[in-house]
Every structure is written in structure tokens, then in C-alpha cells.
Amino acid sequence: MPSDLVFQVLWVQLLSAVQEKLIEAAHQLKAKQASSYKMKVAVVGAGVAGLVAAHTLVVAGVDVVLYEKENTVGGHIGGAATGCVHHEGNDVDVGFTIFNPV
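The following paragraphs examine the structure supplied in this document. Note that this is a predicted model, so its numbers are computed, not measured.

The rules behind the values
Residues numbered from 1 in each chain as written. Predicted model: local features only at pLDDT ≥ 70, side-chain atom pairs only at ≥ 80, totals over all residues. Heavy atoms only, no water. Helix = DSSP H or I, 4+ residues; strand = E, 2+ residues; numbered from the N terminus. Buried < 20%, exposed > 50% of the residue type's maximum accessible area, 1.4 Å probe, protein only. Contact = heavy atoms within 4.5 Å. Expected span 1.5 Å × (residues − 1). Arc of directions from axis to C-beta. Pairing = 2+ DSSP bridges. Right-handed = clockwise from strand over helix to strand, strands pointing away.

Observations regarding the overall build of the protein
Within the protein, the secondary structure is distributed over two helices and four strands. If you list the helices and strands of the protein from N to C, you get α-β-α-β-β-β. Here the protein holds 102 residues, and 19% of them are scored as buried. The long-range share in the protein, meaning contacts at least 24 apart out of those at least 6 apart in sequence, stands at 33%.

Listed below in C-alpha cells is the structure:
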């Protein structure tokens, strides 16, 4: 089983690859569109992937609307602010958790 550091490195590499593909696709779409037409894209989810996708598209000159069902961004890597009800005075990670029986 890979360590947390290996997982983080792999995750960063995956996000970099996705970002490169999004940049390439955005540039291709931008080249195809007429100068009077500005593309509009909806990104669903403000987790890591959604934020990277939205940012990449905005940098490429695309109008982006970002939709998120929660009141905060971060998706599976979200956290609760200091002073939450059950853990007063501590920051609590409320993101993605896997319980893997060993």
C-alpha cells in the first residue's frame, strides 16, 4: 500500500495531466470559435478537479460558471472551521475518508 507522500505525488501528477489536457482542449475550442462568439462552460462541483478545470478555462478566455451544492469549496478535501460543535477549538477534516479493513 503506497504511503501518503506517494499518494500525494501521484495525485499532483494526475491533476497536472488533467490541467494540461484542459488547456489543450480550451485552446482548440477557442481557435474554432468566431471572434464575436464567446464560449460559455458550466463546471459542476468546486472540488479540486472542478476548481482546476474552471481556472484553466478562465485563463484560456472561456466564460465559466461554477456550480457547487455546498456552501464551501474543496469537495473531498474540505474542512470545518475552528470551533465546530463537536470539536470545539480544533480544525476538523471533513473530507474524503476510506476505512480499509486490514
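Okay, back to it.
Notes on helix α2 (residues 48-59)
Between the first and last C-alpha of α2 there are 17 Å, a value that for 12 residues agrees with the 16 Å anticipated at 1.5 Å per step. Of the residues making up α2, those classed as buried are Gly-50, Ala-53, Ala-54, Thr-56 and Leu-57. An end-on view of α2 places all buried positions within 165 degrees of arc, on one side of the element. Here the buried face of α2 lies against α1 (4-32), β1 (40-44) and β2 (63-67).

Looking at the side chain of Thr-56
Among the structural elements, Thr-56 can be located in helix α2. Contact partners of Thr-56, with chain neighbours within four places excluded, come to Gln-19, Leu-22 and Ile-23.

With respect to the pairing of β2
Looking at chain direction, β1 and β2 are connected through five bridges and run parallel. Each residue of the ladder has a partner; that of Val-44, found in β2, is Tyr-67. Remark: the β1/α2/β2 crossover connection has right-handed handedness.

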